[in-house]
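Spelled out from the first residue to the last, the chains are:
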Amino acid sequence: MAVNLTEAQVAEVVAKVVKELVTSAPVAKTGWDSTQYNGRRLVGIYDKMEDAIAAAEKGYKAIRSMTVAEREKLITSIREYCRAEADVMAALGVAETKMGRVDHKIAKHKLVADKTPGTEDIVAEAKTGDCGLTLTERAPFGVVGAITPSTNPSETVICNSMGMIAAGNGVVFNPHPGAIATSNYAVDLVNRAVHAVGGPEVLVASVAKPTLESADIMYKHPSIKLLVCTGGPGVVRAVLSSGKKAIGAGAGNPPVIVDDTADIEKAAKDIIDGCTFDNNLPCIAEKEVFVFNGVADRLISGMLKNGCILLTREQADALAKVVLVEKTDPKTGKVKHIVNRDCVGRDCRVILEKIGIKVGPEIRCAIAEVPFEHLFVQEELMMPILGIVRVRDIDEAIELACKAEHGNRHTAHMHSKNIDNLSRFAKAVETTIFVKNAPSYAGIGFGGEGHTTFTIAGPTGEGITSAKSFTRLRRCVMADSFRII
Ligand code: NAD
């Protein structure tokens, strides 16, 4: 990983942030205060969604008169602030949501700072011909309404802000209520960074207490011209039914195939590194493995050398009953499985304790050989638990992996040196991201080429979103002139 903190260093960062939080009275009395940090009032946070939208609109109007170079300065400043305060946001995120790992969250913030595209992403197109010149430019929408998740809260707020501001927009967030202090800290950071280099005081805004009602006001407000939603299926569906232009970045359940040509030792390490990154919170992280029978034992023994514990089938079944809760849909009578929020993003040690298994902190992932129908394969758990299914050959591997992906078209992974097998799976699974022979995070620019994002828009097709995803195309035609040949 790019950031490798010792346990002592992580503890020091957490202690510093927690001390700052508890010295501010409202936090100590009322839990998480989303309007101030360490006694400092956060900029851009409003009680009413309408006021947040008005503030972001004012900010948007202010940056309309800026040059692209001036706008790029805003982005550079956000990068610097994000790097400088990565440790605070990482510790705050873990403390508030009780999910993920501080060292990995620091790495995620630095990735956002370094690899989120800025104004260079906005490129105009020119067409010339007998009839003259036609120019197509990428214009801002105005004010973007964004829904952000609890799993990468400040990372998503900052990454979204950078792309949306680079495109010339203002932004209003309705962040996940479970990560509101962390998300609003990030909103304030963006505003501080922007104002420090000549931008408006408020360019991105949020609410103190986000609810489904505040989200609804955002969807319907005439000033909101684009909605961008990063979250689970429910919220993506809600945003896509809003009647407005919307970008939806929804759930995944990324399968991994390991065939008999793969470097098995490396595959075992890569899969566990990716699966345990931030305790499996990233939507791109490895969620279930399909391995050829002939190499399955070697893969499992490689995983055991990389901080895993192998559960028996009985233990796996007992754990499934704890990490997932059964819920009957009142309309259809069908039983659904909902992830237990007390387990999402937790350390493996903490999850295993719930079924009476005690392990040390060196155990970072629980693996289990299970049949295809098992909940460890079918459900998006977002915790360091990995179901492993043995398969006969590439045909069976592709068939089952595609089924386990559930048509999300999100992310899939494969470890192989057989280009035919790699190509066949990539074509069949049709995911937005396909990672070959690397941990999942290579797919968002961590040890892989290409820019980063924390909003991977599979359902609406923008893919690995960046500034240009948040623009609208405008055409200007000059007939019969402006050709130079
Ligand atoms: P979530 O779906 O529980 O919540 C996301 C946000 O939507 C929250 O602010 C929540 O309060 C709000 N919300 C939920 N239902 C709503 C509705 N009907 N109307 C308005 N707002 C609503 O998300 P989470 O648990 O924080 O994140 C995990 C999920 O998000 C996973 O499924 C994960 O795969 C997905 N995710 C996807 C991406 C991506 O880029 N595709 C990135 C991160 C997370």
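Just so we're clear, the structure is a prediction, and the values are computed from it rather than from any experiment.

Colleague: Where do I start with the site of the ligand in this structure?
Modeller: Lining the immediate environment of the ligand, one finds 30 residues, of which Ser-150, Gly-232, Arg-341, Glu-380 and Ile-456 sit closest. Residue Glu-380 places a side-chain N or O atom 2.5 Å away from an oxygen atom belonging to the ligand. Elements with a minimum of two residues in the shell around the ligand: strand 6 (143–148), strand 7 (170–175), helix 9 (212–220) and helix 10 (233–240). Broken down by element, the shell around the ligand gets its largest block of residues, three residues, from helix 9. Its residues assigned to classes, the shell around the ligand comprises 15 nonpolar, 13 polar and two charged. Counting contributing residues per domain, the shell around the ligand is built from domain 1 (7–250 + 464–473) and domain 2 (255–445), each supplying no fewer than three.

Colleague: Before we go on, may I ask you to explain the pairing of strand 19 (residues 433–436) in this structure?
Modeller: Burial of strand 19 is one-sided: the residues Ile-433 and Val-435 facing one way are buried, the residues Phe-434 and Lys-436 facing the other way are not. As judged from the four bridges shared by strand 18 (residues 411–415) and strand 19, these two strands associate in the parallel manner. Paired with His-413 across the strands is Val-435, a residue of strand 19. In this region the chain leaves strand 18, passes through helix 17 (residues 419–429) and returns to the parallel neighbour strand 19; the handedness of that crossover is right-handed.

Colleague: How should the pairing of strand 14 (residues 324–328) be read in this particular structure?
Modeller: Remember that side chains alternate between the two faces of the sheet whenever the strand is regular. Relative to strand 15 (residues 335–339), strand 14 runs antiparallel, the two being bridged by five bridges. By the bridge assignment for strand 15, Thr-328 is matched with Val-335. Where strand 14 folds back onto strand 15 in an antiparallel hairpin, the turn is made up of six residues, including Gly-333, whose phi is positive at roughly 80 degrees.

Colleague: Help me understand the confidence of the model for the chain, please; the structure alone is not making it clear to me.
Modeller: Close inspection of predicted coordinates is inappropriate in any region flagged by low pLDDT. Summarising the model, the chain shows a mean pLDDT of 94, and 94% of its residues fall at 70 or more. When the elements of the chain are averaged for pLDDT, helix 2 (residues 25–30) gives the smallest value, 39, and strand 11 (residues 255–258) the largest, 99. Counting interchain partners and residues more than four positions distant, the pLDDT-below-50 stretch residues 22–30 has eleven contacts.

Colleague: Explanation requested: the domain arrangement of the chain in the structure shown.
Modeller: For interface size, the figure often reported is the accessible area lost on association. Domain annotation of the chain identifies domain 1 (7–250 + 464–473) and domain 2 (255–445). Domain 1 puts 16 residues into the contact, and the matching count from domain 2 is 18 residues. Interface area, domain 1 with domain 2, both sides summed: about 1,300 Å², of which 57% is carbon and sulfur. Contact with domain 2 buries area across many residues of domain 1, yet Met-99, His-104 and Ile-464 alone supply 30% of it, more than any other trio.

Colleague: I would appreciate a short explanation of the side chain of His-109 in the present structure.
Modeller: Its location among the elements puts His-109 in helix 6 (residues 102–115). Residue classification places His-109 among the buried positions, given a relative accessible area of 0%. Reaching out from His-109, the side chain makes a polar contact with the side chain of Ser-154 at a distance of 2.8 Å. Setting aside anything within four residues of it in sequence, one finds His-109 in contact with Cys-82, Ala-86, Met-89, Ala-90, Ser-154 and Glu-155.

Colleague: Quick question: what am I supposed to make of helix 13 (residues 313–323) here?
Modeller: One full turn of an α-helix is made of 3.6 residues, so residues set three or four places apart face in the same direction. Those residues of helix 13 lying buried are Ala-316, Leu-319, Ala-320 and Val-323. Looking down the long axis of helix 13, one finds its buried residues gathered within 105 degrees of arc, a one-sided arrangement. Exposed residues on helix 13 whose side chains face more than 90 degrees from its buried face are Glu-314 and Lys-321.

Colleague: Quick question: what am I supposed to make of the sheet that holds strand 5 (residues 132–140) here?
Modeller: Hydrogen bonds between backbone atoms are what pair the strands of a sheet, whose relative direction is either parallel or antiparallel. If you trace the three strands from one edge of the open sheet to the other, you get 4-5-22, paired in antiparallel fashion. With partners counted over all chains shown, the strands left at the sheet margins are strand 4 (125–129) and strand 22 (471–479), one partner each. With strand direction ignored, the average angle separating the axes of adjacent strands in the sheet is 15 degrees. Relative to strand 22, strand 5 runs antiparallel, the two being bridged by nine bridges. Directly across from Pro-140, in strand 22, lies its bridge partner Thr-471.

Colleague: Just to check I follow, could you spell out the packing of helix 4 (residues 68–84) against helix 5 (residues 86–97) for this structure?
Modeller: The packing of two helices is summarised by the inter-axis angle and the distance between the axes. The interhelical angle for the contact between helix 4 and helix 5, taken along N-to-C directions, is 60 degrees, at an axis separation of 4 Å. Our classification of the angle between helix 4 and helix 5 gives oblique. Seen from helix 4, the contacting residues are Cys-82, Arg-83 and Ala-84; seen from helix 5, they are Ala-86, Asp-87 and Met-89.

Colleague: Please clarify how the state of the cysteines should be interpreted in this entry.
Modeller: A full pass over the atoms with the stated rule returns zero disulfides. No disulfide involves Cys-308; its sulfur sits 4.4 Å from the nearest other cysteine sulfur, which is in Cys-365. With a relative accessible area of 6%, Cys-308 lands in the buried category. Of the cysteine sulfurs around Cys-343, a residue in no disulfide, the closest is that of Cys-348, at 11 Å. Take Cys-343: its relative accessible area is 0%, and that puts it in the buried class.

Reading guide: rules and limits
- Residues numbered from 1 in each chain as written.
- Predicted model: local features only at pLDDT ≥ 70, side-chain atom pairs only at ≥ 80, totals over all residues.
- Heavy atoms only, no water.
- Near = heavy atom within 4 Å.
- Polar contact = N/O pair within 3.5 Å; in protein donor to acceptor, adjacent residues only side chain to side chain.
- Helix = DSSP H or I, 4+ residues; strand = E, 2+ residues; numbered from the N terminus.
- Nonpolar A, V, L, I, M, F, W, Y, C, P; charged D, E, K, R; others polar.
- Domains from an automatic or database assignment.
- Buried < 20%, exposed > 50% of the residue type's maximum accessible area, 1.4 Å probe, protein only.
- Pairing = 2+ DSSP bridges.
- Right-handed = clockwise from strand over helix to strand, strands pointing away.
- pLDDT = per-residue confidence, 0-100.
- Contact = heavy atoms within 4.5 Å.
- Buried area = accessible area lost by both parts, 1.4 Å probe.
- Arc of directions from axis to C-beta.
- Axes fitted to C-alpha atoms, helices over the stretch in contact; angles between N-to-C directions.
- Parallel < 35°, antiparallel > 145°, perpendicular 65-115°, else oblique.
- Disulfide = S-S within 2.5 Å.

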